[in-house]
Amino acid sequence: NVGLWQYDMADGRLWATDHCRAMFGIPPGAPLTQDLILAAMHPDDLTAARRWLGGVARSPASLRGEFRVVLKGDLRWYLLRGTTRFDDDGNPTSASGVFSDITARKAAESEADAQRQTLAHITRVSTLGELSGAIAHEINQPLTAILANAQAARRMLGFQPPPLDEISDALDDIIKEDNRADDVIRRLRSMLKKGEPRSEPIATNDLVRS
């Protein structure tokens, strides 16, 4: 499933096999231009495709790129390979190459990636199950502190006069511990959530203090 093409720099003529034309929805007898090829490409890949096609005439290295094409609502993945030929003075004379349909390979890669993400999610859930005791301890600590401070504040309200500074400190502690419990739950939900894992730098000292 390969389409062959060739581009002549001297007269700007672009040639392609009938199968290559069909890969972009171009009729066999229609004049062939780069714009017709680009018109079939997925909007998100247009910028890269223009850069690849433009690079054919400038680079002595082999060209390679992957992009998507939309034909009658059907999404296809193509691989572009091209080579430029030069004259004795180093001027480009022509370029030729192939478009290969790699949709099946991309679908297999996507399926494999989805399975990896599912496996990673199952591993995280299993790990949380094994750490359930530690998790309960992490949540119980701030909840216990909140209860103790609330009970202390309630007792101090019965004093005459009530020690407002100490009551204020108790309320501040309640807010602090509530935020701590919320942070624990938020991180647990983040671990349980399905999705692409993300790596980022972290300060080890901050992690130890936490």
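In this report, the structure presented in the accompanying data block is examined. Just so we're clear, the structure is a prediction, and the values are computed from it rather than from any experiment.

## With respect to the nonpolar core
With 23 residues, the main nonpolar core has Phe-24, Met-41, Phe-67 and Phe-99 as its most contacted residues. Among residues more than four places away in sequence, those in contact with Phe-24 are Ile-37, Ala-40, Met-41, Phe-67, Val-69, Leu-71, Tyr-78 and Phe-99.

## Some remarks on the sheet that holds strand E2 (residues 13-16)
One open sheet accounts for five strands, arranged E2-E1-E5-E4-E3; its pairing is antiparallel. The sheet terminates laterally at E2 and strand E3 (63-71), the two strands that pair on one side only. Here the average twist between neighbouring strands, direction ignored, is 25 degrees. In the packing of helix H4 (residues 103-130) onto the sheet, contacts are made with E3, strand E4 (74-86) and strand E5 (92-101), and the angle to E4 comes to roughly 120 degrees.

## What to know about the side chain of His-42
Looking at the element boundaries, His-42 is found in the loop between helix H2 (34-39) and helix H3 (46-55). A polar contact is formed between the side chain of His-42 and the backbone nitrogen of Asp-44, at a distance of 3.1 Å. Beyond its immediate sequence surroundings of up to four residues, His-42 is in contact with Arg-68, Val-69, Val-70 and Leu-75.

## A word on the pairing of E4
Bridge count for E3 against E4 is nine bridges, and the pairing is antiparallel. By the bridge assignment, Leu-63 is partnered in E4 with Gly-82. The loop that links E3 with its antiparallel partner E4 comprises two residues; one of these, Lys-72, has a positive phi angle of about 55 degrees. Pairing between E4 and E5: nine bridges, direction antiparallel. Bridged to Leu-80 within E5 is Phe-99. In textbook terms, the turn of a hairpin is the stretch between consecutive antiparallel strands, and for E4 and E5 this stretch comprises five residues, one of which, Gly-90, has a positive phi near 85 degrees.

The rules behind each value
- Residues numbered from 1 in each chain as written.
- Predicted model: local features only at pLDDT ≥ 70, side-chain atom pairs only at ≥ 80, totals over all residues.
- Heavy atoms only, no water.
- Core = buried A, V, L, I, M, F, W, Y, C linked by side-chain atoms within 4.5 Å.
- Buried < 20%, exposed > 50% of the residue type's maximum accessible area, 1.4 Å probe, protein only.
- Contact = heavy atoms within 4.5 Å.
- Pairing = 2+ DSSP bridges.
- Helix = DSSP H or I, 4+ residues; strand = E, 2+ residues; numbered from the N terminus.
- Axes fitted to C-alpha atoms, helices over the stretch in contact; angles between N-to-C directions.
- Polar contact = N/O pair within 3.5 Å; in protein donor to acceptor, adjacent residues only side chain to side chain.

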